[in-house]
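# An overview of the molecular structure
Chain by chain, the residues:
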Protein chains: 2
Amino acid sequence: MKANVTKKTLSEGLSLLERVIPGRSSNPLLTALKVETTEAGLTLSGTNLEIDLSCFVPAEVQQPQNFVVPAHLFAQIVRNLGGELVELEITGNELSVRSGGSDFKLQTGDIEAYPPLSFPEHADVSLNAEELAKAFSSVRYAASNEAFQAVFRGIKLEHRPESARVVASDGYRVAIRDFPASGDGRNLIIPARSADELIRVLKDGEARFTYGEGLLSVTTDRVRMNLKLLDGDFPDYERVIPKDIKLQVTLPATALKEAVNRVAVLADKNANNRVEFLVSEGKLRLAAEGDYGRAQDTLDVVQGGSEPAMSLAFNARHVLDALGPIEGDAELLFSGSTSPAIFRAAGGGGYMAVMVTLRV
Amino acid sequence: MKANVTKKTLSEGLSLLERVIPGRSSNPLLTALKVETTEAGLTLSGTNLEIDLSCFVPAEVQQPQNFVVPAHLFAQIVRNLGGELVELEITGNELSVRSGGSDFKLQTGDIEAYPPLSFPEHADVSLNAEELAKAFSSVRYAASNEAFQAVFRGIKLEHRPESARVVASDGYRVAIRDFPASGDGRNLIIPARSADELIRVLKDGEARFTYGEGLLSVTTDRVRMNLKLLDGDFPDYERVIPKDIKLQVTLPATALKEAVNRVAVLADKNANNRVEFLVSEGKLRLAAEGDYGRAQDTLDVVQGGSEPAMSLAFNARHVLDALGPIEGDAELLFSGSTSPAIFRAAGGGGYMAVMVTLRV
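Residues numbered from 1 in each chain as written. Chains lettered and ligands numbered in written order. Predicted model: local features only at pLDDT ≥ 70, side-chain atom pairs only at ≥ 80, totals over all residues. Heavy atoms only, no water.

## Regarding the overall build of chain A
The number of helices and strands found in chain A is 6 helices and 26 strands. The burial tally for chain A puts 52% of its 360 residues in the buried class. Nonlocal contacts in chain A, meaning residues at least 24 apart in sequence, comprise 64% of its contacts between residues at least 6 apart. Here chain A displays about 16400 Å² of accessible surface, and carbon together with sulfur accounts for 46% of that area. Charged side chains in chain A number 38 positive and 48 negative. The centres of these two groups are separated by 4 Å. (Helix = DSSP H or I, 4+ residues; strand = E, 2+ residues; numbered from the N terminus. Buried < 20%, exposed > 50% of the residue type's maximum accessible area, 1.4 Å probe, protein only. Contact = heavy atoms within 4.5 Å. Areas by Shrake-Rupley, 256 points an atom, 1.4 Å probe, with all protein chains shown as cover. Lys, Arg positive; Asp, Glu negative; His and termini not counted. Charge placed at Lys NZ, Arg CZ, Asp CG, Glu CD.)

What follows is the structure in structure tokens.
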């Protein structure tokens, strides 16, 4: 096997695989990168047993031959090379990596021992890759990394007649994003950590879904990915979305983020970073208090709704998370001092955060 | 006390103090910032018992009054403020910090309990601040952060007739930088961690030194600093600087850094990251070998000296450190396979690294 490939395309492919393939593992086989070659290029693949990932890299290949090499070392070597072009060659049990004045010899592994990875050829449904990535990124914060209940560590994907919806929740807050989609897909729950990798891999074009047994396969023009799905019932989040909005304010999201960041410095870390929101007469007053002093910040808002004033309290951290995906103006919809509130982008766009209030 | 100050100048002063004043301490008094006021401005000061630091911030002050506040909280609040101008006011035991729509109240501490800090008024000798900072930065890497012997955790400053020299060593390598200086200063050893703060504080203009009992005070136009000095005998480093150079190569420092970085990926971490240097016929060949394979890189060099070829081995980490302060071409001076080597900038400039070779 002899291959010529540009450093740039090879590096890009390797950097995707590097995130999935573990650097260390009790099973050293899993730290390897599998390289399958045809005359058209290299197919790099790897797995961490939660995610299988495969990525095609165009190259000029002579006498194709498959091999496995230590993934992270190979990636690091390629990244550091000085030249633009990389020459790969297999001789016996060694992979040579040559570029400019550099010549590396890497021991190859036993390809027979490497676990078989298979990716489906057909697609059940197709989504816009960019919309899907944006939707996952917008709600990712609300999924827990540690929650005892597995569904709180996942992101639910729902298919509706003319749209799709992603939802994440840790039990205290819900983040939702709707986006246009067609086709008759299944509802499923993707582990949030796998969604992180999906976000990284999805660029533009189509994301083609294939449904398997407890498994979702996602294929784009560049990569193929198998994801283990989460089992279980996602909580009935629609129940907590308040319907009866009594007071509503609109203000620039950035101004609110900055002000919450400011007052949160003095908020009590042992009391949920409690920040009070007091709305009246076209002003939103934020207040926080802790061991070292107290903070207050006043912002002008456009106020609406049936109630003239309201006072609520939130976890400052959660407010900042909820505002994260909102650009331009934010709309805060309040249903009462002790019932959940909605934060969303003023111009629509499909994103919505629902948050519980802290006790007054 | 009522003061008007720009957010920018106050923030800059606080950020210097924040690095010295501990965030937590068994003695909570040490986490405080002391603010002394005159009609011309605020003098911010703090200490970690190794370094006392004081910084003047111009401000319009009415009814000057001194106070102490939690340093890190105060700095964080000021940094997050939205406005350009900050209004400070003392009322009873509270400091108000106001800007734009923000109003913070911070509890002040007991100023009587705060340890007295005093800075000398006269200067014994004066150095160029920029040269001094550059010299400390260049040799800092060679000082150890953990060495058992205190002098290896320090940087020596030597005064010579028309120049000054800073030297750091961890026992395996020596870094030296000479710079022009006049005046009759003392030789002393500054803890490397204190030198880090000095580097940060020294900008341009003069650094005025005042010698105390085991103490050095450094004054610039902006700041005043007391540093505890290290006691002890600095090793006789001049003894290890090789005099008899048998082979010498010149090449771009960047090319050598990149090549060492490349081959070091395969170097054995348990064998001092050993990288071999083989010089002959106008070529420098770097080679490294480890559990996963071997690496080789060939660079063109300008070669000189009496010996036609030489083979040596170094710790790759140490080579990269030694090359750090060198821009443009690097000159490597070899006195033999088993004796120390010199790395320095080809055009002079006062910097020199001396490194032991690894056993062949």
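From this point on, the discussion continues.
## What about the sheet that holds strand β16 (residues 215-219) of chain A?
All names here are of chain A. With respect to topology, 8 strands assemble into an open sheet ordered β6-β2-β3-β4-β17-β16-β15-β10, the strand pairing being antiparallel. Two strands in the sheet have a free side with no partner beyond their single neighbour: β6 (67-70) and β10 (125-128). Here the strands of the sheet are splayed against their neighbours by 20° on average, with no regard to which way each runs. Taken together, the 5 bridges between β16 and strand β17 (residues 223-228) define a ladder with antiparallel strand orientation. In the sheet register, Thr 219 faces β17, and the bridge partner there is Arg 224. Of the strands in this sheet, β10 and β15 (206-212) are in contact with helix α3 (residues 129-139), which crosses β10 at around 70°. (Pairing = 2+ DSSP bridges. Axes fitted to C-alpha atoms, helices over the stretch in contact; angles between N-to-C directions.)

## Observations concerning the UniProt feature "domain: DNA polymerase III beta sliding clamp N-terminal" (unreviewed entry) in chain A
Taking the UniProt record as the reference, the feature "domain: DNA polymerase III beta sliding clamp N-terminal" (unreviewed entry) is found at residues 1-117 of chain A. Annotation note: span residues 1-117 of chain A, helix share 21%, strand share 45%, distance between end C-alpha atoms 22 Å. (UniProt positions renumbered as here; feature names shortened; annotations may be inferred.)

## Side note on the interface of chain B and chain A
Many authors give the size of an interface as the accessible area that is lost as the parts come together. Facing 28 residues of chain B, the contacting portion of chain A comprises 28 residues. Each partner contributes to the roughly 2300 Å² buried at the junction of chain B and chain A, and carbon and sulfur atoms together form 56% of this total. Counting the surface chain B buries against chain A, the share from its top three residues, Arg 262, Val 265 and Arg 294 of chain B, is 25%. For the interface between chain B and chain A, the tally reads 2 salt bridges. Of the charged contacts, one joins Arg 294 of chain B and Glu 94 of chain A as a salt bridge, the two residues approaching to 2.5 Å between their closest N and O atoms. (Buried area = accessible area lost by both parts, 1.4 Å probe. Salt bridge = Lys/Arg side-chain N within 4 Å of Asp/Glu carboxyl O.)

## Overview of the relation of the copies chain B and chain A
Between the two copies of the chain lies a rotation about an axis combined with a shift along it. After a rotation of 180° and a shift along the axis of 0.0 Å, chain B superposes on chain A with an RMSD of 0.0 Å. The transformation just described matches what one would write down for a two-fold rotation axis. When the interface residues of chain B are mapped onto chain A, 100% of them again fall at the interface, so both copies present the same face. (Least-squares fit on C-alpha atoms with pLDDT ≥ 70 in both.)

## Some words on the environment of Leu 215 of chain B
Residue and element names in this part refer to chain B. One can find Leu 215 in strand β16 (residues 215-219). Residue Leu 215 is classed as partly exposed on the basis of its relative accessible area, which comes to 29%. For the pair Leu 215 and Glu 18, spaced 197 residues apart in sequence, the C-alpha separation works out to 22 Å. Leaving out residues up to four positions away in the same chain, Leu 215 has contacts with Thr 210, Asn 226, Leu 227, Lys 228 and Leu 229.

## What to know about the nonpolar core
One finds Phe 277, Phe 334 and Phe 343 of chain A together with Phe 277, Phe 334 and Phe 343 of chain B to be the most contacted residues of the largest nonpolar core, which totals 216 residues. What Phe 334 of chain A contacts, discounting residues up to four positions off in sequence, is Ile 245, Lys 246, Leu 247, Val 249, Phe 277, Val 279, Met 310, Leu 312, Phe 314, Ala 341 and Phe 343 of chain A. (Core = buried A, V, L, I, M, F, W, Y, C linked by side-chain atoms within 4.5 Å.)

## Looking at the pattern of salt bridges
Throughout the structure, instances matching the rule amount to 44 salt bridges over all chains. Residues Arg 317 of chain A and Asp 321 of chain A are paired through a salt bridge, measuring 3.9 Å at the closest nitrogen-oxygen approach. Pair noted here: Arg 317 of chain A and Asp 321 of chain A are both in helix α6 (residues 316-323), with a separation of 4 residues, about one helical turn. Taking the relative accessible area as the measure of exposure, Arg 317 of chain A reaches 46% and is therefore partly exposed. A salt bridge links Lys 8 of chain B to Glu 12 of chain B, with the shortest nitrogen-to-oxygen separation between them at 3.3 Å. You can see Lys 8 of chain B and its partner Glu 12 of chain B sitting in helix α1 (residues 7-20), 4 residues apart, about one turn around the helix.

## Considerations on the pairing of strand β9 (residues 102-107) of chain A
As paired elements, strand β8 (residues 94-99) of chain A and β9 of chain A share 6 bridges and run antiparallel to each other. When the bridges of β9 of chain A are listed, Ser 99 of chain A appears paired with Ser 102 of chain A. Counting the residues between successive antiparallel strands, the hairpin from β8 of chain A to β9 of chain A contains 2 residues, one of them, Gly 100 of chain A, with a positive phi of roughly 55°. Strand direction decides the pairing type here: β9 of chain A and strand β21 (residues 293-300) of chain B, joined by 5 bridges, are antiparallel. Its bridge partner being in β21 of chain B, Lys 105 of chain A is matched across the sheet by Arg 294 of chain B.

## Details of the pairing of strand β2 (residues 32-38) of chain A
All names here are of chain A. The buried count for β2 comes to 5 of 7 residues, which makes it a mostly enclosed element. Sheet topology places β2 next to β6; 4 bridges connect them, and they run antiparallel. When the sheet's bridge partners are listed, Leu 33 is paired in β6 with Val 69. As paired elements, β2 and strand β3 (residues 41-47) share 5 bridges and run antiparallel to each other. Following the sheet pairing, Thr 37 is matched in β3 by Leu 42. Two successive antiparallel strands, β2 and β3, enclose a turn made up of 2 residues.

## Considerations on the sheet that holds strand β25 (residues 341-345) of chain A
Residue and element names in this part refer to chain A. Sheet architecture is open: 9 strands sit in the order β14-β11-β12-β13-β26-β25-β24-β18-β22, paired in antiparallel fashion. Edge positions in the sheet fall to β14 (188-191) and β22 (302-304), since each of these pairs with one other strand and no more. On average, each strand axis in the sheet is inclined to that of its neighbour by 20°, with strand direction left out of account. Bridge count for strand β11 (residues 154-159) against strand β12 (residues 163-169) is 4 bridges, and the pairing is antiparallel. Counterpart to Lys 156 in the pairing with β12 is Val 167. In this fold α3 packs onto β11, β12, β13 (173-180), β14 and β26 (351-355), with an angle of close to 170° to the strand it touches most, β13.

## A closer look at helix α5 (residues 253-264) of chain A
The end-to-end C-alpha separation of α5 of chain A is 16 Å, in line with the 16 Å expected for 12 residues at 1.5 Å each. For α5 of chain A, the full list of buried residues reads Ala 253, Leu 256, Ala 259, Val 260, Arg 262, Val 263 and Ala 264 of chain A. (Expected span 1.5 Å × (residues − 1).)

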